[in-house]
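# Fold and geometry: a report
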Amino acid sequence: MKELSESLSSWAEAKRLSFFIDSHFPAKSGGLIKHGVDVASEPPPDLTKEVRRIRELFNDLGIVEPDNLSSLDLKVAHLNEGANFKFLTQEMRRLYSEAVCSTDGWPKMLPYASEKQIKEGIPLFSVSGNIEGRATGSRRKCISGKSGSDKCPGWFIGVLWESGQQMYICSEGWHYDLENDRIDVIGGGEISARFISPKPLGVPPLPRDEWPDREALARRKGWRVSP
């Protein structure tokens, strides 16, 4: 298997694809009921290209392809096999966590100063890449989920987006890019990295006419230091 520093971009692509596939399969399948009348749900999308690419990434990363994946018929990758796709996406994220993160869930390649602190000013980018943020320097274990096995294994980091919104986003929805020393949101909401709540998946970005100017932003935590 490749060194982690060499395979990090492939892991990021695989995890991003897992979120993309998940976004097309709601938690509850079947039609909707509106005013007592059944409303047919939208036909599931053709995800052949995405599933094929994940299979290629398994090979690139030196991973033995799970039986559930090899048995999927790519010619009908758009059919109602939500359970199979859910297996695929969850397995990919499990493997990502195993390879990219330490046993406590923190990304191995992202240094931290202490239990509660990382470097201030690390650039962050939203799902689309169109909104920039900066790490404020704080980190703590994610509080999402229940106790025990259902508890989220990720970590919160503080981020101040250029929209002026300050929040904590969980590492389960973002990826650290070692080569460029930046953090990319790769799953869930545009800036929230949340992927388990109903759409819009956490707090959406503010309209651009409500964003602070750069001079004001430069005085705030995260933006006051050079990345």
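Residues numbered from 1 in each chain as written. Predicted model: local features only at pLDDT ≥ 70, side-chain atom pairs only at ≥ 80, totals over all residues. Heavy atoms only, no water.

Here strand S3 (residues 123–125) runs beside strand S8 (residues 182–185); their pairing, made up of two bridges, is parallel. Bridging from a neighbouring strand, Phe 125 pairs with Asp 184 of S8. Bridge count for strand S7 (residues 174–177) against S8 is four bridges, and the pairing is antiparallel. When the sheet's bridge partners are listed, His 175 is paired in S8 with Asp 184. Hairpin geometry of S7 and S8 is characterised by an intervening segment of four residues between the two adjacent antiparallel strands and by a positive phi of about 45 degrees at Asp 181. (Pairing = 2+ DSSP bridges. Helix = DSSP H or I, 4+ residues; strand = E, 2+ residues; numbered from the N terminus.)

The next thing to look at is the nonpolar core. Counting 22 residues, the largest nonpolar core has Trp 11, Ile 21, Ile 54, Phe 58, Leu 88 and Val 100 as the members making the most contacts within it. For this core, the secondary-structure elements that each account for two or more residues are helix H1 (4–22), helix H2 (48–60) and helix H4 (82–100). The element best represented in this core is H4, accounting for seven residues. (Core = buried A, V, L, I, M, F, W, Y, C linked by side-chain atoms within 4.5 Å. Buried < 20%, exposed > 50% of the residue type's maximum accessible area, 1.4 Å probe, protein only.)

As a further point, take the packing of H1 against H2. Direction vectors running N to C along H1 and H2 enclose 150 degrees, while the axes themselves pass 10 Å from each other. Between H1 and H2, the angle falls in the class roughly antiparallel. Here H1 runs over H2; the crossing is left-handed. Residues Ser 10, Glu 13, Ala 14, Leu 17, Ser 18, Phe 20 and Ile 21 of H1 pack against Glu 50, Val 51, Arg 53, Ile 54 and Leu 57 of H2. A class-by-class count of the residues in the contact of H1 with H2 yields seven nonpolar, two polar and three charged. (Axes fitted to C-alpha atoms, helices over the stretch in contact; angles between N-to-C directions. Parallel < 35°, antiparallel > 145°, perpendicular 65-115°, else oblique. Left-handed = near helix turned anticlockwise from the far one by under 90°. Contact = heavy atoms within 4.5 Å. Nonpolar A, V, L, I, M, F, W, Y, C, P; charged D, E, K, R; others polar.)

Turning next to the pattern of salt bridges. Tallied over the full model, the rule gives 13 salt bridges. In this structure, Asp 181 and Lys 119 form a salt bridge, with 3.0 Å as the shortest nitrogen-oxygen distance. In this pair, Asp 181 is assigned in the loop between S7 and S8 and Lys 119 in the loop between H4 and S3, connecting sequence segments 62 residues apart. A relative accessible area of 25% places Asp 181 in the partly exposed class. Here Lys 119 falls in the partly exposed class, since its relative accessible area comes to 44%. Among the ionic pairs, Asp 184 bridges to Arg 182, the shortest N-O distance being 2.5 Å. Several salt bridges converge on common partners, so that one network encompasses Glu 13, Arg 53, Glu 56 and Asp 60. (Salt bridge = Lys/Arg side-chain N within 4 Å of Asp/Glu carboxyl O.)

Turning to the pairing of strand S4 (residues 132–141), a few remarks are in order. Counting buried positions over the 10 residues of S4 gives eight, a clear majority of the element. When S4 meets strand S5 (residues 155–161), the two strands line up antiparallel, connected through six bridges. Counterpart to Arg 140 in the pairing with S5 is Phe 156.

Here the focus is the side chain of Ser 163. Tracing the backbone through its elements, the reader meets Ser 163 in the loop between S5 and strand S6 (166–170). Here Gln 165 takes part through its side chain, which lies 2.6 Å from a polar atom of the side chain of Ser 163. (Polar contact = N/O pair within 3.5 Å; in protein donor to acceptor, adjacent residues only side chain to side chain.)

In this structure, the second largest pocket spans a volume of roughly 200 Å³. Surrounding the second largest pocket, 13 residues form its lining, Leu 8, Ser 9, Ala 12, His 175 and Asp 177 being those nearest its centre. For the lining of the second largest pocket, the elements supplying multiple residues, two or more each, are H1 and S7. Among the elements that take part in the lining of the second largest pocket, H1 stands out by supplying six residues, more than any other. (1 Å grid on protein atoms, 1.4 Å probe; cavity = no way out; pocket = protein on both sides within 12 Å on 5 of 7 lines; lining within 4 Å. Points joined across faces, edges and corners; volume = space filled by probe spheres on them.)

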